[in-house]
Amino acid sequence: MKSEKTTEDYLEAMLMLKEQNGYIRSIDVAGLLGVTKPSVTYTTKRLKEKGYITMDKDNYITITESGMKIAESTYDRHKRLSAFFIRIGVDEETAKEDACKIEHDLSHKTYKALCNFIDKVSFPGE
């Protein structure tokens, strides 16, 4: 499970960096995740072995199609959960932190039910 969470965290961070900067570098992944450069080197090696990323000669990272599916799914969960928590009155920083904690462990069934609920319910001020 920890390996799957790490994979999701790294791919999500890489997608966020791609959207923000237009490119992905290991040093930026380390900064965003608050981990060491050697930790990123180790994990990117594993992600390459699994076919989730490639790296060019200048060490810029590209997320493959299979990696992108994981990255987009995780990032979507994060954004939707964060938005829901904010809508029910949680401050933005806490909402994002809590979304990150549960985005990996929430079953697909519960996540889908939560999304359906969010889509149907009107919140105060909306």
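The following refers to the structure shown. All values derive from a computational prediction rather than experimental measurement. (Residues numbered from 1 in each chain as written. Predicted model: local features only at pLDDT ≥ 70, side-chain atom pairs only at ≥ 80, totals over all residues. Heavy atoms only, no water.)

### Some words on the packing of aromatic side chains
How we decide: Stacked, edge-to-face and tilted are the three classes for Phe, Tyr and Trp ring pairs, Trp counted by its six-membered ring, which pair at centre distances within 6.5 Å; planes under 30 degrees apart are stacked, over 60 edge-to-face, the rest tilted. Helix and strand labels come from DSSP, where a helix needs a run of H or I of at least four residues and a strand needs a run of E of at least two; each type is numbered from the N terminus. The buried label applies to any residue whose accessible area, calculated with a 1.4 Å probe on protein chains only, is under 20% of its type's maximum; exposed applies above 50%, and partly exposed to all values in between. We call a charge positioned over a ring when the NZ of a Lys or the CZ of an Arg lies within 6 Å of the ring centre and within 35 degrees of the ring normal.
A complete count under the given rule lists two aromatic pairs for this structure. The interplanar angle of 85° and the centroid separation of 5.9 Å between the aromatic rings of Tyr 23 and Tyr 60 together place this pair among those described as edge-to-face. Here Tyr 23, found in the loop between α1 (2-21) and α2 (26-33), pairs with Tyr 60, found in the loop between β1 (53-55) and β2 (61-63); they are 37 residues apart in sequence, far enough to count as distant. Relative accessible area serves as the criterion here: at 33%, Tyr 60 is assigned to the partly exposed category. Their ring planes at 55° and their centres at 5.9 Å tell us that Phe 84 and Phe 85 sit as a pair that is tilted. Judged by its relative accessible area of 12%, Phe 84 is buried. With a relative accessible area of 15%, Phe 85 lands in the buried category. Here Arg 77 stacks its cationic end above the ring of Tyr 111, 4.6 Å away from the centre of that ring. It is Lys 79 that lies over the ring of Tyr 75; its NZ or CZ is 4.4 Å from the centre.

### Structural notes on the nonpolar core
Using the following cut-off: Buried Ala, Val, Leu, Ile, Met, Phe, Trp, Tyr and Cys residues that are joined via side-chain atoms within 4.5 Å together make up what is termed a nonpolar core. Two residues form a contact once any of their heavy atoms are found within 4.5 Å.
Ranked by internal contacts, the top residues of the largest apolar core, which has 16 residues, are Leu 11, Met 14, Val 29, Leu 47 and Ile 53. Only α1, α2, α3 (37-49), β2 and α4 (65-87) provide two or more residues apiece to this core. A total of five residues in this core trace back to one element, the largest contributor, which is α1. Here Leu 47 is in contact with Thr 7, Tyr 10, Leu 11, Met 14, Tyr 52 and Ile 53, once residues within four sequence places are set aside. By size, the runner-up hydrophobic cluster in this structure holds nine residues, among which are Leu 81, Phe 84, Phe 85 and Cys 115.

### As for the side chain of Thr 74
Operational definition: Counted as a polar contact is a pair of N or O atoms within 3.5 Å, where, for protein atoms, one must be capable of donating a hydrogen and the other of accepting one, and residues adjacent in sequence contribute only when both atoms are in side chains.
Along the chain, Thr 74 falls in helix α4. Here Ile 70 takes part through its backbone oxygen, which lies 2.9 Å from a polar atom of the side chain of Thr 74. Setting aside its immediate chain neighbours within four residues, Thr 74 contacts Glu 8, Glu 12, Glu 103 and His 104.

### What to know about the packing of α4 against helix α6 (residues 108-120)
The condition that has to hold: Every axis corresponds to a line fitted to the C-alpha atoms, with the helix fit spanning only the stretch in contact, and the corresponding angles, defined between N-to-C directions, vary from 0 to 180 degrees. By the definition adopted for this analysis, an angle is roughly parallel if under 35 degrees, roughly antiparallel if over 145, roughly perpendicular if from 65 to 115, and oblique otherwise. Left-handed describes a crossing whose near helix is turned anticlockwise from the far helix by less than a right angle; the clockwise case is right-handed. Think of it as three bins: nonpolar holds Ala, Val, Leu, Ile, Met, Phe, Trp, Tyr, Cys and Pro, charged holds Asp, Glu, Lys and Arg, and polar takes everything else, Gly as well.
Contact geometry for α4 and α6: axes closest at 11 Å, N-to-C directions at 50°. The pairing of α4 with α6 is recorded here as oblique in orientation. With respect to the hand of their crossing, α4 and α6 are arranged in left-handed fashion. In this structure, α4 contributes Asp 76, Arg 77, Arg 80, Leu 81, Phe 84 and Arg 87 to the contact, and α6 contributes His 108, Tyr 111, Leu 114, Cys 115, Phe 117, Ile 118 and Asp 119. Per-class residue counts for the contact of α4 with α6 are seven nonpolar, one polar and five charged.

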